[in-house]
Amino acid sequence: MIYQYVVILKNRQSKYIDFIGLLLGILSVIFFVRELVFAHQVGVAYLLGAVFVTGVLIWNVWQSAKGKKVYYSRALLIAALVWMKMPYFQWLTFVFIILALLEYQAKYSLEIGFSDQEVVINSLFKKRYPWAQFDNIMLKDGLLTLDFTNNRILQREVEDEEEDEADEEEFNAYCRKQLGKTSQEIRKSGNQ
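Everything numeric in this text was worked out from a predicted model, so none of it was measured.

Some thoughts on the pattern of salt bridges
For side chains of opposite charge, pairing can occur when their charged atoms come near one another.
Then, in step 1: If you walk through the whole model with that rule in mind, you get five salt bridges.
Then, in step 2: Ionic pairing is found between E103 and K107, a salt bridge with its closest N-O pair at 3.3 Å. Note that E103 and K107 are positioned in helix α4 (residues 92–107) at a spacing of four residues, about one turn of the helix. Here the two residues E103 and K107 agree in accessibility, since each one is buried.
Then, in step 3: A cluster of three or more residues bridged by salt bridges with shared partners is formed by D18, E103 and K107.

Structure follows, in structure tokens:
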């Protein structure tokens, strides 16, 4: 499918996902150190897990302070391996693995593709909408508004804030044209 326009929306969830990853990593380190201190035998897995997870957490916090995008999936996967060895809460292994695998998808910026036939929202499961399902689509001042015919509205900020007004005007003209074609087709089919 060839898209005339692709609009990338800001992902506001990243900071919350980072916070959850950091919190789970810190809690895991606390439990690993606790088990290392109170265990009657030397647990090399707990020591290595605590050291590696702490290292990844420190690296991520440092990179995040520089404004770079970070992923806590490495820390979560290392923690998952150690949770398998823990004498309690071993089921957390599966939770950590699932969260690590879903982190990339959750942090992925939402893309909306506009073609002559349809509008596609690229999320975990692609959502396809024919132009007939929209009353209006507009991009104005870095804000994309999708007004559906069922009175639902999706309004989100776009990723690129330094958008030219000419691009916005071009995009809005394209959307008006597509919506106009759709309304003409609906009127023609209604007259027959």
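On we go from here.
Details of the sheet that holds strand β7 (residues 153–157)
Strand pairing in a sheet takes place through backbone hydrogen bonds and is either antiparallel or parallel in direction.
Then, in step 1: With respect to topology, three strands assemble into an open sheet ordered β5-β6-β7, the strand pairing being antiparallel. Looking at the sheet topology across the chains shown, the edges are occupied by β5 (134–140) and β7. Adjacent strand axes in the sheet meet at a mean angle of 5°, parallel and antiparallel pairs treated alike.
Then, in step 2: Relative to strand β6 (residues 143–148), β5 runs antiparallel, the two being bridged by six bridges. For L139, the partnering residue across the bridge sits in β6 and is L144.

Quick look at the side chain of E118
Then, in step 1: Within the secondary structure layout, E118 lies in strand β3 (residues 118–122).
Then, in step 2: At a separation of 2.7 Å, a polar atom in the side chain of E118 contacts the side chain of R128.
Then, in step 3: Not counting residues within four places of it along the chain, the set of residues in contact with E118 comprises M1, G113, R128, Y129, P130 and W131.

Quick look at the side chain of N172
Then, in step 1: Mapped onto the elements of the fold, N172 is located in helix α5 (residues 165–191).
Then, in step 2: Residue classification places N172 among the buried residues on the basis of a relative accessible area of 10%.
Then, in step 3: When sequence neighbours within four positions are dropped, the list of residues in contact with N172 reads I137, M138 and L139.

Observations regarding the packing of helix α1 (residues 14–38) against helix α3 (residues 73–85)
Then, in step 1: Relative orientation of the contacting elements α1 and α3 amounts to 30°, with a least axis distance of 10 Å. The interaxial crossing formed by α1 with α3 has left-handed handedness. Touching G21, L24, S28, F31 and F32 of α1 are L76, A79, V82 and W83, all from α3.
Then, in step 2: In terms of residue class, the contact of α1 with α3 is built from seven nonpolar, two polar and no charged.

Brief notes about α1
Then, in step 1: With 25 residues, α1 should cover 36 Å at 1.5 Å per step; its first-to-last C-alpha distance of 36 Å lies within 8% of that length.
Then, in step 2: Inspection of α1 places S14, I17, D18, G21, G25, S28, V29, F32 and E35 among the buried residues, and these make up the whole buried set.
Then, in step 3: Among the structural elements, α2 (44–65), α3 and α4 are those in contact with the buried residues of α1.

Rules of the game
- Residues numbered from 1 in each chain as written.
- Predicted model: local features only at pLDDT ≥ 70, side-chain atom pairs only at ≥ 80, totals over all residues.
- Heavy atoms only, no water.
- Salt bridge = Lys/Arg side-chain N within 4 Å of Asp/Glu carboxyl O.
- Helix = DSSP H or I, 4+ residues; strand = E, 2+ residues; numbered from the N terminus.
- Buried < 20%, exposed > 50% of the residue type's maximum accessible area, 1.4 Å probe, protein only.
- Pairing = 2+ DSSP bridges.
- Axes fitted to C-alpha atoms, helices over the stretch in contact; angles between N-to-C directions.
- Polar contact = N/O pair within 3.5 Å; in protein donor to acceptor, adjacent residues only side chain to side chain.
- Contact = heavy atoms within 4.5 Å.
- Left-handed = near helix turned anticlockwise from the far one by under 90°.
- Nonpolar A, V, L, I, M, F, W, Y, C, P; charged D, E, K, R; others polar.
- Expected span 1.5 Å × (residues − 1).

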